[in-house]
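# Secondary and tertiary structure notes
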Amino acid sequence: MFTLYWEHLAGSIVVQAVLEEIGAEYRLHYVDMGADAHRATDFLRLNPTGRIPALGYADGRTIGETAAIVMLLGEMYPETGVTPAPGDDNRGEFLFWLNVMTTSGYMTAARLGHPERYANSSKAIEEVGAKASVDYDAFFDVMEEAIAGGPYFIASGMTALDFYVTMLTEWHADKKSLFSSRSKLGALCKAVNESCSYKAAMKTHALPLT
Ligand SMILES: N[C@@H](CCC(=O)N[C@@H](CS)C(=O)NCC(=O)O)C(=O)O
């Protein structure tokens, strides 16, 4: 039994969708970031970076970082193909894009969502937000080029990359314009949104804060 330490949106959605996809047993533990629960001593003992998501194992260990969690889960349940296993032809491509998404993709979305964390004056905050918005669209241009289509990121089938890139689109204020010029991204996100695993994760994220 795993414990998913989660908060709304971001990597928590991806990890929950992967847990669903592999059919693992897990329980949800909400970390109320609004109340600074991620900075509390008991959470920092589990994940010293104070970042969400984190995944607790049955033996009491906890790991953080979405990319690390996803890779480990994929290796524990190789038959599901949610992460291409060592020796799989697609593994290099998968690792490359997982790292792109969880580093530059995530940070661009974070700058867009919270420009006040990257500047002080209101003018500078506005500029950071405006630049992030341009960078965010440019990031999806790169995604559009990289998606194999059919409709998933990697031609062989659905992987955690599909959950991650779909999650990154959740912050976009104008999905119609996002997808109108990026048809492969649109088809991928549609397929992911129709998957039972992503739907289950999004259901959790729609729950009212408790
Ligand atoms: N690279 C990490 C980033 C996780 C992350 O930064 N999560 C945010 C919430 S979406 C967080 O925990 N922020 C802590 C803070 O702002 O102090 C991952 O992919 O898991």
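Because the structure is predicted, anything quoted here is derived from the model rather than measured. (Residues numbered from 1 in each chain as written. Predicted model: local features only at pLDDT ≥ 70, side-chain atom pairs only at ≥ 80, totals over all residues.)

Take the pairing of strand 2 (residues 26-30) next. Bridge count between strand 1 (residues 2-6) and strand 2: 5 bridges; the pairing is parallel. Directly across from L4, in strand 2, lies its bridge partner L28. The handedness of the strand 1 to strand 2 crossover, carried by helix 1 (residues 11-22), is right-handed. (Pairing = 2+ DSSP bridges. Helix = DSSP H or I, 4+ residues; strand = E, 2+ residues; numbered from the N terminus. Right-handed = clockwise from strand over helix to strand, strands pointing away.)

Quick look at the domain arrangement of the protein now. The extent of an interface is frequently quoted as the accessible surface area lost upon association of the parts. According to the domain assignment, the protein contains domain 1 (2-82 + 199-205) and domain 2 (91-195). Relative to domain 2, the C-alpha centre of domain 1 lies at a distance of 20 Å. Looking at the side of domain 1 that touches domain 2, the elements with two or more residues in it are helix 1 and helix 3 (66-76). A breakdown of the residues in the side of domain 1 that touches domain 2 according to their chemical character gives 9 nonpolar, 3 polar and 1 charged. (Domains from an automatic or database assignment. Nonpolar A, V, L, I, M, F, W, Y, C, P; charged D, E, K, R; others polar.)

Residue pairs three or four apart in sequence face the same way in an α-helix, which turns once every 3.6 residues. Every buried residue belonging to helix 9 (residues 196-205) is among S197, Y198 and A201, and all of these are buried. Each buried residue of helix 9 sits inside an arc of 95° when the element is viewed along its axis, so together they form one side. For helix 9, the exposed residues lying more than 90 degrees away from the buried face are C196 and K203. Its buried side turned inward, helix 9 meets helix 1, helix 6 (160-169) and helix 8 (183-194). (Buried ≥ 20, exposed ≤ 12 C-beta atoms within 10 Å, placed from the backbone. Arc of directions from axis to C-beta. Contact = placed C-beta atoms within 7 Å.)

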